[in-house]
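Observations on the model geometry
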Amino acid sequence: MNIGVLCIQGAFAEHITIFKTLGINCTELRKKSDITDLDGLVLPGGESTVQGKLLQELDMLEPLKEKIINGLPVFATCAGLILLSEELTNDKNVYFGTLPICTRRNAYGRQIDSFCKTTDFKGIGSFSATFIRAPYIEKTGNGVEILAKTDGKITAVKYRNQLGLAFHPELGNDFRIHKYFIDIINENTRNNIHY
Ligand code: GLN
């Protein structure tokens, strides 16, 4: 199994460390030519405007978008979730736009308003979720499964091959959501789907 991790900005190193601990090979995606045969893709947290701009400048946005549309399993956290969102409540930019949700950026205030909150995650159970200048999801479209709510706000969803979280599951040492993503990839592999 080979998971491509977008390594242009933000908290990518933590994801790589976790997947390596779980025995999974990661490819660091830093430029267009790094995008080859992948079984999964990670879009890490960070700053979505910077990531979106770099994706365009590096000519990586379209090739990755095509793979996502074709069904490549993608695991997006925080800024990554913003990049996937079809619509943003408080920003006119759209990046991949492949996930039919409307997301509010910086929904909890500024960096100083970051927090940890125990959140019930469907199929996993209680998870200590870290929110850093996080978004939340205000609306979901057809076919979007809600996996978690935090204080009544939607903070994790799944839509076909796309898993999106408002928080940072890579901080701390609970790897259950990463294992959940590996299960999604294994399901695809069993069905002999490649991207
Ligand atoms: N506030 C950031 C943004 O809008 C996301 C923060 C994060 O990824 N922790 O891009």
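As a starting point, this report considers the structure included with it. (Residues numbered from 1 in each chain as written. Predicted model: local features only at pLDDT ≥ 70, side-chain atom pairs only at ≥ 80, totals over all residues. Heavy atoms only, no water.)

This brings us to the overall build of the protein. In terms of regular secondary structure, the protein is built from 5 helices and 12 strands. Expected size for 195 residues packed as a compact globule is a radius of gyration near 16 Å; at 15 Å, the protein falls within 12% of this value. For the protein, the spread of C-alpha atoms along the three principal axes comes to 40 × 35 × 30 Å. For the protein, restricting intrachain contacts to residue pairs at least 6 apart in sequence, the fraction spanning at least 24 positions comes to 64%. Accessible surface for the protein amounts to roughly 8800 Å². Of this, 46% is attributable to carbon and sulfur atoms. Side-chain charges in the protein split into 22 positive and 22 negative, and the spacing between the mean points of these groups amounts to 3 Å. (Helix = DSSP H or I, 4+ residues; strand = E, 2+ residues; numbered from the N terminus. Rg over C-alpha atoms; globule rule 2.2 N^0.38 Å. Contact = heavy atoms within 4.5 Å. Areas by Shrake-Rupley, 256 points an atom, 1.4 Å probe, with all protein chains shown as cover. Lys, Arg positive; Asp, Glu negative; His and termini not counted. Charge placed at Lys NZ, Arg CZ, Asp CG, Glu CD.)

Looking at the ligand, the residues that line it are G45, G46, E47, S48, C78, A79, I82, R105, N106, I132, R133 and H168. One nitrogen or oxygen atom from the main chain of I132 is found 2.9 Å from a nitrogen atom belonging to the ligand. In this structure, a nitrogen atom belonging to the ligand sits 2.9 Å away from a main-chain N or O atom of R133. Notes on the ligand: free accessible area 300 Å², of which the protein chains cover 97%. A breakdown of the residues in the shell around the ligand according to their chemical character gives 4 nonpolar, 5 polar and 3 charged. (Near = heavy atom within 4 Å. Polar contact = N/O pair within 3.5 Å; in protein donor to acceptor, adjacent residues only side chain to side chain. Nonpolar A, V, L, I, M, F, W, Y, C, P; charged D, E, K, R; others polar.)

Attention now goes to the pattern of salt bridges. Under the defined criterion, the tally for this structure stands at 11 salt bridges. In this structure, E47 and R133 form a salt bridge, with 2.5 Å as the shortest nitrogen-oxygen distance. Of the two residues, E47 sits in the loop between β3 (40–43) and α2 (48–57) while R133 sits in the loop between β8 (125–131) and β9 (136–140), which places them 86 residues apart along the sequence. Residue R133 is classed as partly exposed on the basis of its relative accessible area, which comes to 27%. The residue K122 makes a salt bridge to E145 at a minimum N-O spacing of 2.9 Å. Remark: E145 occurs in strand β10 (residues 145–150) and K122 occurs in the loop between β7 (115–121) and β8; sequence separation between them is 23 residues. Ionic contacts of the salt-bridge type, sharing partners, join the residues E47, D91, R105 and R133 into one network. (Salt bridge = Lys/Arg side-chain N within 4 Å of Asp/Glu carboxyl O. Buried < 20%, exposed > 50% of the residue type's maximum accessible area, 1.4 Å probe, protein only.)

Within the fold, P100 resides in strand β6 (residues 99–104). Residue classification places P100 among the buried residues on the basis of a relative accessible area of 14%. Linking P100 and S85, residues 15 residues apart in sequence, is a C-alpha distance of 6.4 Å. Residue contacts for P100: discarding those within four places in its chain leaves E86, T140, G141, N142, V144 and Y159.

Right, let's get into the nonpolar core. Within the largest apolar cluster, 56 residues are counted, with the highest numbers of intra-cluster contacts made by F19, L55, L64, F96, F121 and F167. Of the residues forming this core, the biggest block, 5 residues, is contributed by helix α5 (residues 176–190). Discounting residues that sit within four places of it in the chain, F19 has contacts with I3, I24, C26, V42, F75, H178, F181 and I182. (Core = buried A, V, L, I, M, F, W, Y, C linked by side-chain atoms within 4.5 Å.)

One can describe the packing of helix α1 (residues 12–21) onto α5 by two numbers: an axis separation of 10 Å at closest approach and a directional angle of 70 degrees. Accordingly, the angle class assigned to the pair α1 and α5 is roughly perpendicular. Like other packed secondary-structure pairs, α1 and α5 cross with a definite hand, here right-handed. Here H15, I18 and F19 of α1 lie close against α5, whose contacting residues are H178, F181 and I182. Its residues assigned to classes, the contact of α1 with α5 comprises 4 nonpolar, 2 polar and no charged. (Axes fitted to C-alpha atoms, helices over the stretch in contact; angles between N-to-C directions. Parallel < 35°, antiparallel > 145°, perpendicular 65-115°, else oblique. Left-handed = near helix turned anticlockwise from the far one by under 90°.)

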